[in-house]
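# Remarks on the overall topology
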Amino acid sequence: MIAILKPNTTAEQQKSFTDWLKNQGLDVHISNGQFQTVIGLIGDTTKIDADLIASLSMVEAVRRVSDPFKSANRKFHPDDSVIDCSGVKIGGGNFAVIAGPCSVESEEQLTSIARDVKTFGCDMLRGGAFKPRTSPYDFQGLKAEGIELLIKAKKETGLPIVTEIMNANHLDLFEEVDVIQVGARNMQNFELLKELGKTNKPILLKRGLSSTIKEWLMSAEYIMAGGNEKVILCERGIRTFDSQYTRNCLDLSAVPVLKELTHLPVVIDPSHATGSSKYVKSMALAAVAAGADGLMTEVHSDPINALCDGAQSLTPEQFGDMMNAVVSVRNALKGIL
Ligand code: PEP
Ligand code: MN
């Protein structure tokens, strides 16, 4: 249930109202928007008398929200969320590009890619230190050393860093990480999500391989229910029947659907979606046109020798070409989206 307050409601009136709601055993989510304040009621609202709340002098309207996701719901928070990733903003008209190798392989590899992507206008550096590989015999990442190398690259370039967590026991290692990624395979690792809900770092939550949009939003809700509202959603392609020419199927319709359902920013990862560097630029441009708040692409200076996901990695020059095209499409769309 949400209660929209009248514009002239005082802070004292708002507090006495929210105190009363808390006394009824509910959690309260307050959204102080540009035009209105929305009080979201979280918990068992079945016993709450909506007519009684509607009759209060400071209440303009009351609506029941049947969706199971509350904090992530746009009805609870009508304005777009803008998430500050150590100075890089994303959402609410702020567009950000995250790029870097699939895996951190060495200091030389990472710093050279970091310098190049920065030159081409990238906003944040990505790189996997803990890698969720299908085979236990494949490269599993440099782990703690990989995070150290990311921190070094951040110090050199000033780019905030994004890297994946697989186990909440590793959280101590993520102290200087700016954005923590939850990979597709862990989207429903609820214990991990609950732990991330206790942190105050932005979380890039990738969509599960075959997760519905509702399941994805419920995973965001797990993080937000713990008190961490800084969730960025990342569509990275879903499993369908045809994997012959593309690795996954990029669900671009998720962008407008999510824009309607949630206030959280949406990023598109065309690299894991297509699995081929040949298709990354087209899908990146389509994502921009669909209204995405950002992109995440894999970049490697020597894709053929990459330890992971070389086929889908752009070279720095290809990344630069994609970035020029992204800027052109964003300019062409000004005032339209
Ligand atoms: C990654 O970003 O390198 C990754 C493993 O992605 P996903 O979880 O989407 O497969
Ligand atoms: Mn990868």
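Residues numbered from 1 in each chain as written. Chains lettered and ligands numbered in written order. Predicted model: local features only at pLDDT ≥ 70, side-chain atom pairs only at ≥ 80, totals over all residues. Heavy atoms only, no water.

Counting its secondary structure elements, the protein contains 10 helices and 14 strands. The C-alpha radius of gyration of the protein comes to 21 Å, within 12% of the 20 Å expected for a compact globule of 337 residues. Counting all 337 residues of the protein, 53% fall into the buried class. Considering only residue pairs separated by 6 or more positions, the protein has 68% of its internal contacts joining residues 24 or more positions apart. Total accessible area computed for the protein in this model is approximately 15000 Å², and 50% of it derives from carbon and sulfur atoms. Placing the 35 positive and 41 negative side-chain charges of the protein at their respective mean positions leaves the two points 2 Å apart. (Helix = DSSP H or I, 4+ residues; strand = E, 2+ residues; numbered from the N terminus. Rg over C-alpha atoms; globule rule 2.2 N^0.38 Å. Buried < 20%, exposed > 50% of the residue type's maximum accessible area, 1.4 Å probe, protein only. Contact = heavy atoms within 4.5 Å. Areas by Shrake-Rupley, 256 points an atom, 1.4 Å probe, with all protein chains shown as cover. Lys, Arg positive; Asp, Glu negative; His and termini not counted. Charge placed at Lys NZ, Arg CZ, Asp CG, Glu CD.)

Glancing now at the pattern of salt bridges. A complete count under the given rule lists 17 salt bridges for this structure. Put simply, Glu-195 and Lys-198 hold a salt bridge, and the shortest N to O gap is 3.0 Å. Given a relative accessible area of 29%, Glu-195 falls into the partly exposed group. Taking the relative accessible area as the measure of exposure, Lys-198 reaches 61% and is therefore exposed. The network of salt bridges with shared partners includes Arg-207, Glu-235 and Asp-251. (Salt bridge = Lys/Arg side-chain N within 4 Å of Asp/Glu carboxyl O.)

On domain assignment, one finds that the protein holds domain 1 (2-63) and domain 2 (83-333). Measuring from the centre of the C-alpha atoms in domain 1 to the corresponding centre in domain 2 gives 36 Å. (Domains from an automatic or database assignment.)

Position of Phe-319 among the secondary structure elements: in helix H10 (residues 316-332). Excluding residues within four positions of it along the chain, Phe-319 makes contact with Val-97, Ala-99, Val-117, Phe-120, Cys-122, Thr-297, Val-299 and Leu-314.

On to H10, then. The α-helix winds at 3.6 residues per turn, so residues separated by three or four positions along the chain end up facing the same way. Taking 1.5 Å per residue as the helical rise, H10 with its 17 residues ought to reach 24 Å, and the 24 Å between its terminal C-alpha atoms agrees with that figure. Three or more residues of H10 are buried, namely Pro-316, Phe-319, Gly-320, Met-322, Met-323, Ala-325 and Val-326. (Expected span 1.5 Å × (residues − 1).)

In this section: helix H6 (residues 213-225). A rise of 1.5 Å per residue sets the reference length of H6, with its 13 residues, at 18 Å; its end C-alpha atoms lie 18 Å apart and thus fit the reference within 8%. Those residues of H6 that fall on the buried side of the exposure criterion are Ile-213, Trp-216, Leu-217, Ser-219, Ala-220, Glu-221, Ile-223 and Met-224. The secondary structure elements touched by the buried residues of H6 are helix H5 (190-197), strand S11 (203-206), strand S12 (231-235) and helix H7 (254-261). Trailing H6 by a residue or two, Gly-227 shows a phi angle of about 115°, which is positive.

Attention now moves to the packing of aromatic side chains. Applying the stated criterion to the full structure yields two aromatic pairs. Ring plane angle 20° and centroid distance 6.3 Å describe the contact between Phe-130 and Phe-174, whose orientation is recorded as stacked. Of the two residues, Phe-130 is situated in the loop between strand S8 (124-126) and helix H4 (144-157) and Phe-174 in the loop between strand S9 (161-164) and strand S10 (179-182); the sequence distance between them amounts to 44 residues. Side by side, Phe-130 and Phe-174 carry an identical accessibility label, which is buried. Judged by centre distance (4.5 Å) and plane angle (25°), the ring pair of Phe-190 and Tyr-222 falls under stacked. One end of the pair, Phe-190, is in helix H5; the other, Tyr-222, is in helix H6, with 32 residues separating them in the sequence. (Phe/Tyr/Trp six-rings, centres within 6.5 Å; stacked < 30°, edge-to-face > 60°.)

What follows concerns the site of ligand 1. Around ligand 1 sit 13 residues, and of these Arg-126, Ala-184, Arg-185, Lys-206 and Arg-236 come closest. Arg-126 places a polar side-chain atom, nitrogen or oxygen, 2.8 Å from an oxygen atom of ligand 1. Taking 300 Å² as the accessible area of ligand 1 by itself, protein coverage stands at 97%. Looking at the shell around ligand 1 residue by residue, the class counts come to three nonpolar, three polar and seven charged. (Near = heavy atom within 4 Å. Polar contact = N/O pair within 3.5 Å; in protein donor to acceptor, adjacent residues only side chain to side chain. Nonpolar A, V, L, I, M, F, W, Y, C, P; charged D, E, K, R; others polar.)

With that out of the way, let us pick up the layout of surface pockets. By volume, the largest pocket amounts to about 350 Å³. Lining the largest pocket are 14 residues, and of these Gly-93, Gly-291, Ala-292, Arg-330 and Leu-337 lie nearest its centre. Looking at the lining of the largest pocket residue by residue, the classes come out as five nonpolar, four polar and five charged. (1 Å grid on protein atoms, 1.4 Å probe; cavity = no way out; pocket = protein on both sides within 12 Å on 5 of 7 lines; lining within 4 Å. Points joined across faces, edges and corners; volume = space filled by probe spheres on them.)

Here we take up the coordination of the manganese ion (ligand 2). By definition of the ideal shapes, a tetrahedral metal site with four donors has angles of 109.5 degrees and an octahedral site with six donors has angles of 90 or 180 degrees. Taken together, Cys-102 (SG), His-272 (NE2), Glu-298 (OE) and Asp-309 (OD) make up the protein donors of the manganese ion (ligand 2), found 2.1 to 2.4 Å from the metal. In primary-sequence terms, the residues that donate to the manganese ion (ligand 2) follow C-x169-H-x25-E-x10-D. Of this pair, Cys-102 sits in the loop between strand S7 (96-100) and helix H3 (107-119) while Asp-309 sits in the loop between strand S14 (294-298) and H10; the two residues are 207 residues apart in sequence, bridging distant segments of the chain. For the pair formed by Cys-102 and Asp-309, the shared burial category is buried. (Donors = N, O, S within 2.8 Å, 3.2 Å for Na, K, Ca; no water.)

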